[in-house]
Amino acid sequence: DTEVTQTPKHLVMGMTNKKSLKCEQHMGHRAMYWYKQKAKKPPELMFVYSYEKLSINESVPSRFSPECPNSSLLNLHLHALQPEDSALYLCASSQEWSEPYGYGYTFGSGTRLTVV
Amino acid sequence: SQQGEEDPQALSIQEGENATMNCSYKTSINNLQWYRQNSGRGLVHLILIRSNEREKHSGRLRVTLDTSKKSSSLLITASRAADTASYFCATDGWSSYKLIFGSGTRLLVRP
């Protein structure tokens, strides 16, 4: 299995809702990431998990709450989002955080989130 | 900021022609990577070049890195309509290990 699977593919939520994005990989990668991408912009790093521990939080608002229940799974819990949070949320993984061993990151196809 | 800038922002070429995209960055890096993104979906890793390497090839792709100028280029030879996508460079900061993406080049290959 050489994929990162993200669910759901599309999500529409109200500003008072609570929802979660899910990301799964079975490549034995020890680092996992959340990126946010607005239309026609590059992906922006949100969180880095290394060996299931949060290593980097890029000053992301607390309405985004990441969780890494095990080495294969990464969640992003969403609560009280704003319309400007609408974006494509991308999950990625790599063998190690500090050493990609020439293979780079493997990205999922993303969750397109719309906040209404 | 570590973020790279790419130029051109958009490039339109005829099928069979070569496409060259350039990336500049600001801080010392461990490696530089190139990714492709189709239609705003997931990114696909194309090639990684380490800071002590100057050139790397993969199929129709050729990447160069000039650390003295903090710049890299991606050459796609004999382009195909299927190469139409956005291309991003991404740098892995020397001490931060954060992978930060450049602004991207939108490539259109006309059949």
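Quick look at the structure, then. Computed from a prediction, not measured in an experiment: that's the story for all the values here.

A few points about the overall build of chain A
- On a plain count of helices and strands, chain A comes out with zero helices and eleven strands.
- Relative to its length of 116 residues, chain A is compact, with a C-alpha radius of gyration of 13 Å against a globular reference of 13 Å.
- Sequence-distant contacts in chain A: of pairs separated by 6 or more residues, those separated by 24 or more amount to 57%.
- Surface summary for chain A: the accessible area is close to 5500 Å², and the carbon and sulfur share equals 49%.

Focus on the side chain of Ser79(B)
All names here are of chain B.
- Considering the arrangement of structural elements, one finds Ser 79 in the loop between strand E8 (71-76) and strand E9 (85-93).
- A polar atom in the side chain of Ser 79 sits 2.8 Å from the backbone oxygen of Glu 17.
- Ignoring anything within four residues of it in the chain, the contact list for Ser 79 reads Ile 13, Gln 14, Glu 15, Gly 16, Glu 17, Arg 60 and Val 109.

Thoughts on the packing of aromatic side chains
- Per the stated rule, a full pass over the model turns up nine aromatic pairs over all chains.
- Where Tyr33(A) meets Tyr105(A), the ring centres are 4.2 Å apart and the plane angle is 15°; that geometry is what we call stacked. Here Tyr105(A) lies in the loop between strand E9 (87-94) and strand E10 (106-107) and Tyr33(A) lies in strand E4 (residues 31-37), a separation of 72 residues in the sequence. As far as burial versus exposure is concerned, Tyr33(A) and Tyr105(A) are alike and both buried.
- Among the aromatic residues, ring-to-ring pairing joins Tyr33(A), Tyr35(A), Tyr105(A), Phe107(A), Tyr35(B), Phe88(B) and Phe101(B) into one connected group.

A look at the nonpolar core
Residues and elements named next belong to chain A.
- In terms of nonpolar packing, the biggest core is built from 22 residues, with Trp 34, Phe 64, Leu 76 and Leu 78 touching the most fellow members.
- Sorting the residues of this core by element identifies strand E2 (10-13), strand E3 (18-25), E4, strand E5 (44-50), strand E7 (64-70), strand E8 (73-79), E9 and strand E11 (111-115) as the ones contributing at least two each.
- Not counting residues within four places of it along the chain, the set of residues in contact with Leu 78 comprises Leu 11, Met 13, Asn 17, Lys 18, Lys 19, Leu 21, Arg 63, Phe 64 and Leu 113.

Examining the interface of chain B and chain A
- Across the contact, 21 residues belong to chain B and 26 residues belong to chain A.
- Taking both partners together, chain B and chain A bury about 1800 Å²; carbon and sulfur atoms supply 54% of that area.
- Viewed at the interface, chain A and chain B are joined by one salt bridge.
- For the interface between chain B and chain A, the tally reads seven residue pairs in polar contact (both at pLDDT 80 or more).
- Listed by contribution, the elements that provide at least two residues to the side of chain B that touches chain A are strand E4 (29-37), strand E5 (43-50), E9 and strand E10 (99-101) of chain B.

Thoughts on the sheet that holds E8(B)
Residue and element names in this part refer to chain B.
- As summarised here, the arrangement of the five strands in space is E1-E3-E8-E7-E6, forming an open sheet in which the pairing is antiparallel. A single partner strand is all that each edge strand has here, and the edge strands are strand E1 (5-7) and strand E6 (55-58). Averaged over all neighbouring strand pairs, the angle between strand axes comes to 15°, with direction disregarded.
- Pairing of strand E3 (residues 19-24) with E8 involves six bridges; the strand directions are antiparallel. Of the residues in E8, the one forming a bridge with Ser 24 is Ser 71.

A closer look at the state of the cysteines
- A full pass over the atoms with the stated rule returns two disulfides over all chains.
- Paired through a disulfide, Cys23(A) and Cys91(A) show a sulfur-sulfur distance of 1.9 Å. Judged by the sign of its S-S torsion, about -70°, the cystine formed by Cys23(A) and Cys91(A) is left-handed. With Cys23(A) in strand E3 and Cys91(A) in strand E9, this pair connects stretches of sequence that are 68 residues apart. Cys91(A) matches Cys23(A) in its accessibility class, with the two residues each being buried.
- Bridging Cys23(B) to Cys89(B), the disulfide has an S-S length of 2.1 Å. On the S-S bond that ties Cys23(B) to Cys89(B), the torsion sits near 70°, and the link is right-handed. With Cys23(B) in strand E3 and Cys89(B) in strand E9, this pair connects stretches of sequence that are 66 residues apart.
- A relative accessible area of 2% places Cys23(B) in the buried class.

Conventions adopted
- Residues numbered from 1 in each chain as written.
- Chains lettered and ligands numbered in written order.
- Predicted model: local features only at pLDDT ≥ 70, side-chain atom pairs only at ≥ 80, totals over all residues.
- Heavy atoms only, no water.
- Helix = DSSP H or I, 4+ residues; strand = E, 2+ residues; numbered from the N terminus.
- Rg over C-alpha atoms; globule rule 2.2 N^0.38 Å.
- Contact = heavy atoms within 4.5 Å.
- Areas by Shrake-Rupley, 256 points an atom, 1.4 Å probe, with all protein chains shown as cover.
- Polar contact = N/O pair within 3.5 Å; in protein donor to acceptor, adjacent residues only side chain to side chain.
- Phe/Tyr/Trp six-rings, centres within 6.5 Å; stacked < 30°, edge-to-face > 60°.
- Buried < 20%, exposed > 50% of the residue type's maximum accessible area, 1.4 Å probe, protein only.
- Core = buried A, V, L, I, M, F, W, Y, C linked by side-chain atoms within 4.5 Å.
- Buried area = accessible area lost by both parts, 1.4 Å probe.
- Salt bridge = Lys/Arg side-chain N within 4 Å of Asp/Glu carboxyl O.
- Pairing = 2+ DSSP bridges.
- Axes fitted to C-alpha atoms, helices over the stretch in contact; angles between N-to-C directions.
- Disulfide = S-S within 2.5 Å.

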